[in-house]
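# Close look at the chain arrangement
So the chains spell out like this:
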Amino acid sequence: MINVMWWGSPVSGQGTTVQIGIDMQVASTQNTDTVTLTAYLSCSAGWVSDSYNKLVFYGEITQTFTNVPVNIKAGQQIQLGQVSKTFTKQPGVEYSVSFGVRLEEFQTGTPSMVVTHIVRPMAYQVPARPAFYVTRQSDNQVALSWSVTSTSEAPISSFTIQRCYNALPWETIATLDGQMRNWIDTAAPGANTVINYQIRANGPGGSSPWNLYEHLYMTPGAPASVVGRRDGTNIILEWVNTAVGAAQIEIWEGSTKIATLNPGTTTYTVVNAAQAAAHTYRLRALLGGLVSDFTSSNTVIMASAPLAPTELQPSGQNQPKGATVNLVWRHNPTDTSGQTQFEVQYRFNGAASWTSSGVKTATSSTFALTVGSNSSCEWQVRTTGQDKTKWSPWSNTAAFTIVDRPSVQITSPPTSSTVNSSMLTVEFTSSPTVVFWQATATATGYSQSKTGSSTSPHRVTFTGIPNKATVSVNVTVRTTVDSLPVSRSFTVSYSPPSTPSGSAVWDTARGSININYSEGPLLTGGMETVKLRVLRVDGTGETLVYEDSRPGTTAGQVSGVVTDGLPSLTGAAYVIEAVSKDGATARTRVESGPLQQQAQFLNWGPQAGKVLKVTYNPTLAVSADRQTIVQTFAGHTLPRAVFAEQCTTTYTVGGLLVSDPGLPAARQAQAAVSDLALTDSPVVLRTFDGMVQTGYVSAVKLTRNRWRTWEFSCTHTQAEL
């Protein structure tokens, strides 16, 4: 309640001074102001009595009171009259109202007073909550619409739309003009989501409550990892649910739906599935009237008899008398199940009846048969799979001949004899006399095996046997079957020659390695060296590079230098081997690391003795090709390509030969290039990455560039020459 008193200007007449006043009281609510005006008369001098007058309220409140009794003297104040009126507040707008009062036909004069009141704006109301409608158009597009009325009391300026899915936090996806009543979400999160939307209206009076739309389903995720397995006459299906939300699961076989399962189910049993048949199932998820894609299971084949076993061995080969022969076969299921049982039947020497092995419970497809002294054998086999009552047919008959084993006997050296050399020659006889043979010598840290075909008596030599070793020699011979092995042991004890010494050093100008070798000092009781051998060691074994043989020399005279002209540029290893007159050996290994230059070499001429070194920024490119013959045939629109056996590897080599064309070396290099271009001998290319290739060169070119150096290039093609 607001209470304010205003007084007008004094009015004087007939010895009296009066003034009129207004007491304004305002009672305000949310929507209205009720103004009550009370008129008073105050006398400050004299005295007056007058009942023949009119009290007039004018302005926003109009009312007239007549014959208002007035009897007042100085110092007194009386109430003349009271009026009131209610004013409605306007949303967002304030306005003023004026009120006046005067006392007319009053003997002292006409006192008056005017007052003003401001009606404050009415507060805006919160907009109403919109009615909300949501329609799925696709997994990535959703249509939203709403209805709400914007009033002057509760105007709407905008709408806020939020979205959340799969239990993630809410996010604002749109703030729209207050005039809009629909909108399309074109960025919906896609398949296998459950979306919630909410909307509210915003205005100067605040925001409405949210209106929530829950559980808008998108296409559910398909079941994953669908696996079927046999369980007796049933099939158990298991899978992983990927759908977000409570999706049902449908199970189909072919075009027939066999089950609709409650949400959360991850296993199902197909009872009494058709036997001896293949079953493949398709599963999909259902949620909110939408269905996922199908996911197929593996194919489950129910129990059925296997096919007859195949690949029987042995079949057609000879087998030795008295041996235990392993019969093997291949189990051929029709339901993917492994072998559970087998039965073998066999007969010797063309007998009329079969002998059974009996039913064997085994997953391995093998049976050990002792053939004794019979001359021939026929055999068959049958198997079962997961159903042990369903046998396969008998296999085709396999047959083999049973023959006497060949025999072998070691004749030299005698048993337990001592070998006085690092070489051991073993002699043996066989029956029959012409056989294939294999002989193996083994000792601690040593093994060497040799094979051959010869006529009895046979001889084989083993080398490099370590000193002080006990060597066991094992010999087997073969005709159509193997003999039983025979073995003999020997003790090795010899005085080796002195260990040689040596080194391997690069010749960087020619890309070759010089191997220095020398006999070691003669040891007391040691054997004299009569031969030194240099062997290159690589991934394929040892290759003889040079042999220095000087029979009858004295100690210290067997030495020298040998050059390996075509080593790999990535390095090489060599063995220097000293050999005594009785064949005993001693060895030293020497190595040379990679050539410490980025260079490439071309060798040609007699013994590949001519060399061209390509250095200073060498370049290398490689290409491979295979010969192709194109044939055309009448009536065919396309030719036919026939690939021949010939394959070719081509390298393009480049680099600088010399850095100063004025040096004599430049002229020598030019002469070497000319000789290379005209050669008809094989050319060996060795590259800085260790490749060694033999072939021929073409497109040999030597160019003087603007820096006054000579650039070399050529093409090297692999070939047999």
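Residues numbered from 1 in each chain as written. Predicted model: local features only at pLDDT ≥ 70, side-chain atom pairs only at ≥ 80, totals over all residues. Heavy atoms only, no water.

As a further point, take the overall build of the protein chain. Helices and strands together make up the secondary structure of the protein chain, namely 1 helix and 59 strands. Taking 27 Å as the expected radius of gyration for a compact globule of 721 residues, we find that the protein chain reaches 58 Å, considerably beyond that expectation. The C-alpha extent of the protein chain, read off along each of the three principal axes, is 180 × 100 × 75 Å. Scored against the burial criterion, the 721 residues of the protein chain give a buried share of 41%. Within the protein chain, contacts between residues separated by at least 24 positions form 62% of all contacts whose residues are at least 6 apart in sequence. On the protein chain, roughly 36200 Å² of surface is accessible, and the fraction owed to carbon and sulfur atoms is 49%. Charged side chains in the protein chain number 47 positive and 45 negative. The centres of these two groups are separated by 5 Å. (Helix = DSSP H or I, 4+ residues; strand = E, 2+ residues; numbered from the N terminus. Rg over C-alpha atoms; globule rule 2.2 N^0.38 Å. Buried < 20%, exposed > 50% of the residue type's maximum accessible area, 1.4 Å probe, protein only. Contact = heavy atoms within 4.5 Å. Areas by Shrake-Rupley, 256 points an atom, 1.4 Å probe, with all protein chains shown as cover. Lys, Arg positive; Asp, Glu negative; His and termini not counted. Charge placed at Lys NZ, Arg CZ, Asp CG, Glu CD.)

A few words now on the nonpolar core. Leu 37, Leu 41, Leu 55, Leu 80 and Phe 99 are the most contacted members of the largest nonpolar core, which totals 29 residues. Those elements giving two or more residues to this core turn out to be β3 (16-28), β4 (32-45), β6 (54-59), β8 (70-73), β9 (77-88), β10 (95-104) and β11 (112-119). The next biggest cluster of nonpolar side chains, apart from the first, holds 24 residues, and it includes Ile 410, Ala 439, Tyr 494 and Ala 584. (Core = buried A, V, L, I, M, F, W, Y, C linked by side-chain atoms within 4.5 Å.)

This part takes up the sheet that holds strand β48 (residues 512-518). What the 3 strands build is an open sheet, ordered β47-β48-β51; its pairing is antiparallel. With one partner strand each, in any of the chains shown, β47 (501-507) and β51 (559-564) form the two edges of the open sheet. Put simply, the sheet's adjacent strands are angled 20° from each other on average, direction ignored. Relative to β51, β48 runs antiparallel, the two sharing 6 bridges. Each bridged residue has a counterpart across the sheet, and for Asn 514 the counterpart in β51 is Thr 563. (Pairing = 2+ DSSP bridges. Axes fitted to C-alpha atoms, helices over the stretch in contact; angles between N-to-C directions.)

Let us now look at the pattern of salt bridges. Considering all chains together, one arrives at 25 salt bridges under this definition. Across the pair Glu 250 and Lys 257 runs a salt bridge whose closest N-O atoms are separated by 3.5 Å. (Salt bridge = Lys/Arg side-chain N within 4 Å of Asp/Glu carboxyl O.)

Here the residue pair Ser 412 and Pro 413 is connected by a cis peptide bond, since its omega of -5° sits within 30 degrees of zero. Inspection of the secondary structure assignment puts Pro 413 in the loop between β39 (407-412) and β40 (418-419). Following Ser 456, the chain continues into Pro 457 via a peptide bond in cis, with omega recorded as 0°. Phi at Gln 14 takes a positive value of approximately 55°, unusual for a residue other than glycine. Here Gln 14 shows up in the loop between β2 (11-13) and β3. One non-glycine residue, His 215, lies in positive phi territory at about 60°. Using a relative accessible area of 46% as the deciding quantity, one classes His 215 as partly exposed.

Attention now moves to the packing of aromatic side chains. All chains considered together, the criterion is met by 10 aromatic pairs. Joined through ring pairs, the aromatic side chains of Trp 329, Phe 342, Phe 367 and Trp 379 make up one cluster. The ring of Trp 354 carries the charged tip of Arg 347 above its face, separated from the ring centre by 4.0 Å. (Phe/Tyr/Trp six-rings, centres within 6.5 Å; stacked < 30°, edge-to-face > 60°. Lys NZ or Arg CZ within 6 Å of the ring centre and 35° of its normal.)

This part covers the pairing of β6. The sheet contact formed by β6 and strand β7 (residues 63-66) spans 4 bridges and is antiparallel. Bridge pairing in β7 links Phe 57 to Gln 63. Two successive antiparallel strands, β6 and β7, enclose a turn made up of 3 residues. Bridge analysis of β6 against β10 gives 6 bridges, and the strand direction is antiparallel. Looking across to β10, one finds that Leu 55 is bridged to Leu 103.

This part covers the sheet that holds strand β30 (residues 307-313). Strands sit in the order β30-β32-β36 across an open sheet of 3 strands; the sheet is antiparallel. Two strands in the sheet have a free side with no partner beyond their single neighbour: β30 and β36 (366-370). Neighbour to neighbour, the strand axes of the sheet diverge by 30° on average, direction disregarded. Relative to strand β32 (residues 324-332), β30 runs antiparallel, the two being bridged by 3 bridges. By the bridge assignment for β32, Gln 313 is matched with Val 328.

As a further point, take the environment of Ala 276. Tracing the backbone through its elements, the reader meets Ala 276 in the loop between β24 (267-270) and β25 (278-279). Look at Ala 276 and you get exposed, because its relative accessible area is 54%. For the pair Ala 276 and Ile 301, spaced 25 residues apart in sequence, the C-alpha to C-alpha distance is 6.8 Å. Excluding its chain neighbours within four sequence positions, the residues that come into contact with Ala 276 are Met 302, Ala 303 and Ser 304.

With that settled, the discussion passes to the side chain of Ser 208. In this structure, Ser 208 sits in the loop between β18 (206-207) and β19 (211-217). The buried category is assigned to Ser 208, whose relative accessible area is 4%. Other than its neighbours up to four places away in sequence, Ser 208 contacts Val 126, Pro 127, Ala 128, Arg 129, Pro 130, Arg 200 and Ala 201.

Attention shifts here to the side chain of Glu 343. Note that Glu 343 resides in strand β33 (residues 341-348). Among the polar contacts made by the side chain of Glu 343, one reaches the side chain of Ser 356 at a distance of 2.6 Å. Among the polar contacts made by the side chain of Glu 343, one reaches the side chain of Arg 382 at a distance of 2.8 Å. (Polar contact = N/O pair within 3.5 Å; in protein donor to acceptor, adjacent residues only side chain to side chain.)

Sheet topology note: the strand β58 (residues 692-704)/strand β59 (residues 710-718) ladder contains 8 bridges and is antiparallel. Across the sheet, residue Tyr 696 finds its bridge partner in β59, namely Thr 717. Hairpin connection, β58 to β59: the antiparallel pair is bridged by 5 residues, and Arg 708 has positive phi, about 65°.

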